[in-house]
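Now for the letters of each chain:
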Amino acid sequence: METKNEIMIINADKISALTGYKSEEVAIIKNTIAKNTTDTELAYFLSVCRSVNLNPFLKEIWCYKDAKGNLIVFAGRDGFLTIAQKDSRWNGMLSAYVCENDTFKLNIPQGTVEHEFGQGERGKITGAYAIIKPKGCDMPTVSWAAIKDYDKGYNTWNSNKGAMIVKVAETMSLKKAFGISGLQSEYDFEVKNNVVIPVQEFIEAPIKKSPEIERYEKLLSACKTKEEVEAYYLDNFTPEQLAIYENKLKSF
């Protein structure tokens, strides 16, 4: 009778023959990047990696299987950019975030953007745009991403909203301009209770705070100095606690 390890090796060999990855690579991906996937799902994921020529070991592409059994293959802006830059039609990309005090006019049907700002206070970020015109195309692809539709409110979305919303707009334009399919943008989804949901549902859903979060928020709200806030730094922040901590520090 074959042992469990022997069965795993046999399956890795079969997936290797199907996808072109070495058996050792298949085993590593199965235990790291594609955890909890079935052999069929793993073979599908690796086939997508090969078809778009992205390297899962470089985190250009990854997959997530949620509690409902949904398997979604993701790439970030860098993954989509890698695909586009390998295309002979690649001709560069222009992008920027826009603030409420900027002079800004966008005409997507005409493919035109007018954007100016000075040295003064630009105000809150409202969104970002990205423009791509592949070689041989008559019209550029112009995409707009509104901050209210994508701001998750924690981690890098708290510390660098401008860079994050630009990545969203660039990803949108890269997908459209080069017809990239079979990959989902990491910015379009969020994981909640181990289930993948569209980011808009995550942003619009009422947030019920746990007693632990409410206690932490109450402690920080009573702090009168930056030093008092820093005394409540945690070694293992949850995203919610980190957002509370960073927002309180910014108030001083």
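Let me sum up the structure you'll find in this document. (Residues numbered from 1 in each chain as written. Predicted model: local features only at pLDDT ≥ 70, side-chain atom pairs only at ≥ 80, totals over all residues. Heavy atoms only, no water.)

**Considerations on the pattern of salt bridges**
Part 1 of the reasoning: The final tally for this structure, using the stated rule, is nine salt bridges.
Part 2 of the reasoning: Between Glu170 and Arg77 there is a salt bridge; the shortest N-O distance is 2.5 Å. Linking Glu170 in helix α7 (residues 161–178) with Arg77 in helix α4 (residues 77–85), this pair joins segments that are 93 residues apart in sequence.
Part 3 of the reasoning: We classify Glu170 as buried; its relative accessible area is 7%.
Part 4 of the reasoning: Accessibility expressed as a relative area gives 17% for Arg77, which makes it buried.
Part 5 of the reasoning: Arg122 is the partner of Asp102 in a salt bridge, and the nearest nitrogen-oxygen pair spans 2.6 Å. Taken as a pair, Asp102 in the loop between β3 (94–99) and β4 (103–107) and Arg122 in the loop between β5 (112–116) and β6 (125–132) lie far apart in primary sequence, 20 residues in all.
Part 6 of the reasoning: With a relative accessible area of 16%, Arg122 lands in the buried category.
Part 7 of the reasoning: Overlapping salt bridges bring together Arg77, Asp78 and Glu170 as one network. (Salt bridge = Lys/Arg side-chain N within 4 Å of Asp/Glu carboxyl O. Helix = DSSP H or I, 4+ residues; strand = E, 2+ residues; numbered from the N terminus. Buried < 20%, exposed > 50% of the residue type's maximum accessible area, 1.4 Å probe, protein only.)

**Things to note about the sheet that holds strand β2 (residues 71–75)**
Part 1 of the reasoning: Strand order across the open sheet formed by three strands is β1-β2-β8, with mixed pairing between neighbours. Strands at the two margins of the open sheet, each flanked by one partner only, are β1 (62–65) and β8 (184–185).
Part 2 of the reasoning: Across two bridges, β2 lies against β8 in parallel orientation. Of the residues in β8, the one forming a bridge with Phe74 is Gln184. (Pairing = 2+ DSSP bridges.)

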